[in-house]
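Residue strings, one per chain:
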Amino acid sequence: MVEQRRVILDCDPGHDDAISMILAHANDKIKIEAVTTVAGNVEVDKTTLNARRVCDIIGLDVPVAQGSNRPMVRETQIAESIHGDSGLDGPNLPDVPNTPVVEQHAVDLIIEKVMASDGDITLVPTGPLTNIAMAIVKEPKIIPKIQEIVLMGGGTFGNWTPAAEFNIWVDAEAAKVVYESGVPIAMFGLDVTHEAQATDETIDRFAAIDNPVSEFVVELLRFFKKTYKEVFGFDGAPIHDACTVAYLIDSSIFDTVDVRVDIETKGEFAYGMTCVDLLDVTGREPNVKFARDLNQEKFWCLLSDALATYS
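Just so it is clear, the model here is predicted, and its values are computed rather than measured. Per-chain numbering applies: the sequence of each chain, read as written, is numbered from 1 onward. Under the rules for a predicted model, residues below a pLDDT of 70 receive no local features and side-chain atom pairs below 80 are neither given nor counted, while totals for whole chains, interfaces and linings still include all residues. Water and hydrogen atoms play no part in the side-chain values, which are based on all heavy atoms of the structure.

Trainee: Looking at this structure, I do not really get the packing of aromatic side chains. What am I missing?
Mentor: Aromatic ring pairs: the centre-centre distance and the angle between the two ring planes describe each pair. Centres within 6.5 Å make a pair out of two Phe, Tyr or Trp rings, where for Trp the six-membered ring is used; the pair is then stacked when the planes are under 30 degrees apart, edge-to-face when over 60, and tilted otherwise. Applying the stated rule across the entire model yields 10 aromatic pairs. With centroids separated by 4.8 Å and ring planes inclined at 70°, the aromatic side chains of Trp160 and Phe166 adopt a geometry described as edge-to-face. Whether a residue is buried, partly exposed or exposed follows from its accessible area with a 1.4 Å probe, protein chains only, as a fraction of its type maximum: under 20%, in between, or over 50%, in that order. Its relative accessible area of 27% is what places Trp160 among the partly exposed residues. A ring pair is formed by Phe232 and Phe234, whose centres lie 5.9 Å apart and whose planes are at 50°; its orientation type is tilted. In this structure an aromatic cluster arises from ring pairing among Phe224, Tyr228, Phe232 and Phe234. Taking NZ or CZ as reference, Arg74 lies 4.7 Å from the ring centre of Trp169, over its face. Definition used: whenever NZ (Lys) or CZ (Arg) falls within 6 Å of the ring centre and also within 35 degrees of the ring normal, the charge is taken to sit over that ring.

Rendered as structure tokens:
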């Protein structure tokens, strides 16, 4: 019997969020308890619609709950230049998916699931951290019951400003709540996710699998690769969010180090910066397991094997 990690995927689909969902559903080491959505790559009604669409495509039958439609303090910010108007531009998607949305707000669903657990639920946020922070603020009793928070965000450099990565920059106040919560955190920032770039060779490898889900992923990556080339000059599409699930399946894929990370919320030019103390210059207690390298062959094999299960 394979030991399973019970997870709540908190996301803002998003091309790489969709691939993260596909990887999690395909692997028997992961048990998805719910999918919750947040405003980020696009507005929350669109991210929710996209989460439902992905559930339809991969046959994932779990509660889908719509969450926060704006950051805790600031106005909503979105990334249409990367993900397109729908948030999942590229494939042809159904206008009305079959997967329903539960009436419960995502924050309340997270609280309910964690409080009813034996302390064995991992939260996997791959968008802004608004829902997670709001759950912690609303019901602090969940803090000791969260097994781990495995997140995509931050890094030692930025991609939305010179200092800040998009997910953290959108809601740095929420990130501050999460990083200071005391919950164990594994952080997959740009330092490692930029290594997970799907090149033409990788996309062709996925295309050769030749099933409806692999075709969907190929269409996603072709669009995503195009926008990353136009906006950032990259030759590949970084599958940022799938790094979180890959870590939960096989932590040996990544090289990690325990460090202190603090969130900048007041700087004129550095708002949203994750201050990663790699050299221990502050002497403060580490609060994050920081990923800084990945095994390319293991990572791509894991994704290929996942796509093949949908044949």
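Text resumes after the structure shown.
Trainee: What exactly am I supposed to notice about the side chain of Ser214 here?
Mentor: Turning to its location among the elements, Ser214 is positioned in helix H10 (residues 212-232). Ignoring anything within four residues of it in the chain, the contact list for Ser214 reads Phe206, Ile209 and Leu307. A run of DSSP states H or I qualifies as a helix once it reaches four residues; a run of E qualifies as a strand once it reaches two. Both are numbered from the N-terminal end. Residues count as neighbours in contact if any of their non-hydrogen atoms are within 4.5 Å of one another.

Trainee: Mind showing me how you'd approach the pattern of salt bridges here?
Mentor: Pairing between side chains of opposite charge can happen when the charged atoms of each approach one another. For salt bridges, the criterion is a side-chain nitrogen of Lys or Arg within 4 Å of an Asp or Glu carboxyl oxygen. The final tally for this structure, using the stated rule, is 18 salt bridges. Here Glu297 ties to Arg205 by a salt bridge, and the two come within 3.8 Å at their closest N and O atoms. Note that Glu297 is positioned in helix H12 (residues 296-308) and Arg205 in helix H9 (residues 200-207), a separation of 92 residues in sequence. Measuring nitrogen to oxygen at the nearest pair gives 3.1 Å for the salt bridge that ties Arg292 to Asp255. You can see Arg292 sitting in strand E12 (residues 288-294) and its partner Asp255 sitting in strand E9 (residues 254-259), a full 37 residues away along the chain. Of the residues examined, Arg292 reaches a relative accessible area of 41% and is grouped as partly exposed.

Trainee: Just to check I follow, could you spell out the packing of helix H1 (residues 15-26) against helix H11 (residues 242-249) for this structure?
Mentor: Here, axes are lines fitted to C-alpha atoms. For helices the fit covers the stretch in contact, and angles between N-to-C directions go from 0 to 180 degrees. Here H1 crosses H11 at 20°, and the two axes come no closer than 8 Å. Classified by the angle between their axes, H1 and H11 sit roughly parallel to one another. The two elements H1 and H11 meet at a crossing, and its hand is left-handed. Contacts from Asp16, Ile19, Ser20, Leu23 and Ala24 of H1 reach H11 at Ala242, Thr244, Val245, Ala246 and Ile249. Orientation is classified from the angle alone, with under 35 degrees giving roughly parallel, over 145 giving roughly antiparallel, 65 to 115 giving roughly perpendicular, and any other angle giving oblique. Left-handed describes a crossing whose near helix is turned anticlockwise from the far helix by less than a right angle; the clockwise case is right-handed.

Trainee: Where do I start with the sheet that holds strand E4 (residues 121-125) in this structure?
Mentor: In sheet architecture, strand pairing relies on hydrogen bonds along the backbone and comes in two forms, parallel and antiparallel. If you walk across this open sheet you meet the 8 strands as E3-E2-E1-E4-E5-E6-E12-E9, and the pairing is mixed. Each end of this open sheet is capped by a strand with a single partner; those strands are strand E3 (64-66) and E9. When strand polarity is set aside, the average angle formed by the axes of neighbouring strands in this sheet is 25°. Between any two strands, pairing holds if DSSP finds at least two bridges. Where strand E5 (residues 146-152) and strand E6 (residues 185-188) come together, 4 bridges link them in parallel fashion.

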